[in-house]
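So the chains spell out like this:
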Amino acid sequence: MKTMIYSLTLAALMITSFSSCSDDNDPVLTQKDWDGTTTYFASADAMKFDTYYKPSVGYVGDPMPFYDPQAKDFKIMYLQEYRPNQAGTYHPIWAVSTQDAASYIPMGELISCGGLAEQDAAIGTGSTIYNPSDHLYYTFYTGNKYQPTSLENGQVVMYATSSDFKTWTKNRTFYLKGDMYGYSKNDFRDPFVFEGEDDKYHMLVSTVKNGKGVLAEYTSTDMKNWEHVGVFMTMMWDRFYECPDVFKMGNWWYLIYSEKHAAIRKVQYFKGRTLDELRATTANDAGIWPDDHEGFLDSRGFYAGKTASDGTNRYIWGWCPTRSGNDNTAVGASPNEPEWAGSLVAHRIIQHEDGTLSLGLIEGIALKYATPTVVKVMEKSNGVSESNGSYTLVDNAYVLFNRLNVSNKISFTVKTASNADKFGFSFVRGTDSSKYYTVVINSEDNNNKRKINFEEEGSEGKGFIGGIDGYLFHTPFDNVYNITICTDNSICVVYINDKVAYTNRIYGMQKNPWSINSYSGTIEISNLKVSHY
C-alpha cells in the first residue's frame, strides 16, 4: 500500500512539473514527449551559474582579474554583492580561481569590509599584483567612508598584502588621499597598478580635478611608497572612466575603461605605440579613437571589464547585470542605469594587425559544450526551403528549432544575398508566446555597416529595446557571418566573425524553442550545430 501511495504521489508531481509546457490538456503526454512540444515553458535560472559564474548567494561586481605567477592560474577577485547588502559595510572582496576562464573554483571571502567607523566600511574595486622582491601579493582597493564629514575623505586608496593569496592583512597606515594632490576627496577610486618600462610600478586612479574627470598617476619602486607624477590622462568632455586597466600587447599599449556616463555604460579602449602616445589620445578632448566605432568592445550587458594575461592569452572579465523583475526589456537604458552586479562573463582579447581590438570566444568555453544536441525543425514559415541541414529563407520567414538545454553553444553560418538583407535569431519563442526576444543583425549606414539590435517581438512585444544595442561594424565583404552563441542560464553571448561580441541577459532561454529569422531579402543558413553540457 505504501508503494502504491508513493507511486501515485510521484506521478502527480511529475504531471505538475510539466504542466506549464503542455500542448494540450494531457500533461502526461507532454512529459513523455518533452522534446516534441513547442509551447512556452516558464524556465528559471539556477542559483549558481557555471560558465558565466555567479555564486550561489549574491552576485559578482567589478572583477579584479590577476594572473598568479606562483600558482600559474588566474585569480579573479570581485566585489561580493548581496541583496540586500548590510547597511554601511558592504562589498567585501571575494575571489574565484580558474585555469581556462571557463570553470571556476570559489575561494570565498578574502578581504573583509572594515567597521562602520573605519575608512573601508565599504570596499570599492582595485587591482592585484605580485611583488617578487618581498614575495607578497598586493591588492590595492578603494576604501569608502561611511557618511564622511566635510573634513573626511569619502574615498581613499588602501592596500592589503598576502603571502599565500588566502590570508590577507590590511595596511592600516597607508591611505592615499586625492585632496593632497589637488584631486577630489570624495571621487578617488579604482586604483590599477601595472609595471611600466622604466622599472617602476605605476598606479592609475580614477578621480576628478577642477571639475573634470582625470586618471591620476603615481609611481613606486616597492609598492609601499608612492610618488605623484601628475595626470596620466584627461577624460573627454563630461565623461568618467571607471575601472581603468593598462597593458602592453605586442607593440601597442592599451587603456581599457568603463564609461560611467548613463547614456553609454559600456567598456571601451584607447591605444598607442607608447605610453605617451596613449596619454595623448584624449588630450584637449582630442578623441583619437582606436577604431571606427569609438573603441567599444561589447554592449551595455558587459561592464567593468578588466584583463589579465598568462603570457599567451589575454582575457577580459566583466559582469552582466541582472534585470529588474527578470524583465528582459529592463536594460537600464539612458537616463537610468542597469542593476549593479550580476554574472561573471569572460572573453578572449583579439589583437588585429592594425592594433585594433575585438573580443572573441575563449577556447576553454567552446570545448566545454561537448555534448551534441540533436537539431530538429519544429515549424517553418512560408518562404523557407530546406536541403541536407541547410536552409534558405526569403523575405519575412523563420525556422523554429527544438528546445534548448540550460547551457548551450549554437553555431551557424549566414550568407546574405546582398548587404541590405536583414536577419536575426530569437529565444524564448514558444509557438504560443505573445512575446519573444530577438537578436537582430541590422543594416546601418547605407548598408555599409551592421549593428546588433535587441527586440521584443510577438503580438505583445515592444519592438526595439533601446540601450542594449551593439556597436557598428563593417558589413562583411562577402556577406558571410560566422555566428557562435553561448548561453548559460539567462546569459547569452554572441560572437560574429571574430569582429563582434555582444553580451546580454535573456531570461527564459532554457528549455524553450528558438528560431533563425529573415526579415528582408534572402539568407542562406548552413553549418548549424548545437551542443550543451
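Residues numbered from 1 in each chain as written. Predicted model: local features only at pLDDT ≥ 70, side-chain atom pairs only at ≥ 80, totals over all residues. Heavy atoms only, no water.

K.L.:
Before we go on, may I ask you to explain the pattern of salt bridges in this structure?
P.N.:
All told, the structure shown has 26 salt bridges when counted by the stated rule. Note that K145 and E152 form a salt bridge whose closest N and O atoms lie 3.9 Å from each other. Its relative accessible area of 19% is what places K145 among the buried residues. Here R265 and E242 are joined by a salt bridge, their closest N and O atoms 3.9 Å apart. Taken together, the residues R265 in the loop between β14 (252-259) and β15 (267-272) and E242 in strand β13 (residues 241-249) connect sequence positions 23 residues apart. The exposure class assigned to E242 is buried, which follows from its relative accessible area of 10%. (Salt bridge = Lys/Arg side-chain N within 4 Å of Asp/Glu carboxyl O. Buried < 20%, exposed > 50% of the residue type's maximum accessible area, 1.4 Å probe, protein only. Helix = DSSP H or I, 4+ residues; strand = E, 2+ residues; numbered from the N terminus.)

K.L.:
Could you clarify how one ought to interpret the side chain of N512 in this entry?
P.N.:
Note on placement: N512 falls in the loop between β33 (500-505) and β34 (514-520). Under the relative-accessibility criterion, N512 is labelled buried at 0%. There is a polar contact of 2.8 Å between the side chain of N512 and the backbone oxygen of G508. In this structure, N512 is in contact with T39, Y40, F41, S43, N402, R403, L404 and V428, ignoring residues within four places of it in sequence. (Polar contact = N/O pair within 3.5 Å; in protein donor to acceptor, adjacent residues only side chain to side chain. Contact = heavy atoms within 4.5 Å.)

K.L.:
Just checking my understanding: could you explain the sheet that holds β13 for this structure?
P.N.:
Sheet architecture is open: three strands sit in the order β13-β14-β15, paired in antiparallel fashion. Unpaired on one side and paired on the other, β13 and β15 mark the two borders of the sheet. Taken over all neighbouring pairs, the strand axes of this sheet differ in orientation by 20° on average, direction set aside. Where β14 meets β15, six bridges bridge the pair, whose relative direction is antiparallel. Opposite S258, over in β15, you have V267 as the bridge partner. (Pairing = 2+ DSSP bridges. Axes fitted to C-alpha atoms, helices over the stretch in contact; angles between N-to-C directions.)

K.L.:
Sorry, what's going on with the domain arrangement of the chain here?
P.N.:
Assigned domains within the chain: domain 1 (59-366) and domain 2 (371-532). Between the C-alpha centres of domain 1 and domain 2 the distance comes to 33 Å. The interface of domain 1 with domain 2 comprises 34 residues on the first partner and 30 residues on the second. Carbon and sulfur atoms make up 56% of the area that domain 1 and domain 2 hide from each other, which totals about 2500 Å². (Domains from an automatic or database assignment. Buried area = accessible area lost by both parts, 1.4 Å probe.)

K.L.:
So what exactly am I meant to see when it comes to the sheet that holds strand β9 (residues 188-195) here?
P.N.:
Think of a sheet as strands paired side by side through backbone hydrogen bonds, with each pair either parallel or antiparallel. Spatial strand order, β9-β10-β11-β12: four strands in an open sheet with antiparallel pairing. Strand pairing shows two members of the sheet lacking a second neighbour, β9 and β12 (227-234), which therefore form its edges. On average, each strand axis in the sheet is tilted by 30° relative to the strand beside it, whichever way the strands run.

K.L.:
What's the story with the pairing of strand β11 (residues 212-220) in this structure? I'm lost.
P.N.:
Every regular strand shows the same layout, with side chains that alternate between the two sheet faces. For β11, the buried fraction is high: eight of the nine residues fall into the buried class. Looking at chain direction, strand β10 (residues 201-209) and β11 are connected through nine bridges and run antiparallel. Opposite L204, over in β11, you have E217 as the bridge partner. Between β10 and β11, which follow one another and run antiparallel, lie two residues, and N210 among them has a positive phi close to 55°. In this structure, β11 lies alongside β12, joined through six bridges in antiparallel fashion. Note on β12: the bridge partner recorded for L215 is M233. Count of turn residues in the β11/β12 antiparallel hairpin: six residues, of which M223 carries a positive phi of about 70°.

K.L.:
Explain the confidence of the model for the chain here, please?
P.N.:
Parts of the model with low pLDDT should not have their predicted coordinates read in detail. Looking at the chain, the pLDDT average stands at 94 and 94% of residues meet or exceed 70. Segment residues 1-30: pLDDT under 50, and 28 contacts once partners within four positions in sequence are set aside and those in other chains are kept. (pLDDT = per-residue confidence, 0-100.)

K.L.:
Is there a simple way to explain empty space enclosed by the protein in this structure?
P.N.:
One simple way to see leftover space: roll a probe sized like a water molecule over the atoms. Evaluation of the coordinates by the stated rule reveals one cavity of 30 Å³ or more. Estimates place the volume of the largest cavity at around 40 Å³. Every residue along the wall of the largest cavity is listed here: T373, V374, V375, N402, R403, L404, W514 and V530. Its residues assigned to classes, the lining of the largest cavity comprises five nonpolar, two polar and one charged. (1 Å grid on protein atoms, 1.4 Å probe; cavity = no way out; pocket = protein on both sides within 12 Å on 5 of 7 lines; lining within 4 Å. Points joined across faces, edges and corners; volume = space filled by probe spheres on them. Nonpolar A, V, L, I, M, F, W, Y, C, P; charged D, E, K, R; others polar.)

K.L.:
For this particular structure, what's the right way to read the UniProt feature "domain: BT1760-like C-terminal" (unreviewed entry) in the chain?
P.N.:
Those residues carrying the UniProt feature "domain: BT1760-like C-terminal" (unreviewed entry) are residues 355-530 in this numbering. The straight-line gap between the two end C-alpha atoms of residues 355-530 is 33 Å; of that span, 3% is helix and 56% is strand. (UniProt positions renumbered as here; feature names shortened; annotations may be inferred.)

K.L.:
How do you make sense of the nonpolar core when you look at a structure like this?
P.N.:
Side chains of a nonpolar character, in soluble globular proteins, are inclined to be buried together. Residues F412, F427, I483 and W514 are the most contacted members of the largest nonpolar core, which totals 42 residues. The element contributing the most residues to this core is strand β35 (residues 522-532), with four residues. When residues are assigned to domains, this core turns out to be shared by domain 1 (59-366) and domain 2 (371-532), each giving three or more. Ranked by size, the runner-up nonpolar core spans 41 residues in total, among them A101, C320, V345 and C486. (Core = buried A, V, L, I, M, F, W, Y, C linked by side-chain atoms within 4.5 Å.)

K.L.:
What is the right way to look at the environment of N504 in this model?
P.N.:
Note on placement: N504 falls in strand β33. In this structure N504 comes out as buried when scored by relative accessible area, which is 0%. Each C-alpha atom of the pair N504 and G332 lies 12 Å from the other, and the pair is 172 residues apart in sequence. For N504, the contacting residues outside a window of four places in its chain are C320, R323, F454, I468, S490, I491 and C492. Among the polar contacts listed, one links the side chain of N504 to the side chain of R323, at a separation of 2.7 Å.

K.L.:
What exactly am I supposed to notice about the packing of aromatic side chains here?
P.N.:
Under the criterion given, the structure shown has 40 aromatic pairs. Here F165 and W168 contribute two aromatic rings whose centre-to-centre distance is 5.2 Å and whose plane-to-plane angle is 85°, an arrangement assigned as edge-to-face. When the centroid spacing of 6.2 Å and the interplanar angle of 80° are considered together, the rings of F425 and F427 count as edge-to-face. Assessed through its relative accessible area of 0%, F425 is described here as buried. The class for F427 is buried, based on a relative accessible area of 0%. Among the aromatic residues, those joined into a ring-pair cluster are Y391, F401, F412, F425, F427 and W514. (Phe/Tyr/Trp six-rings, centres within 6.5 Å; stacked < 30°, edge-to-face > 60°.)

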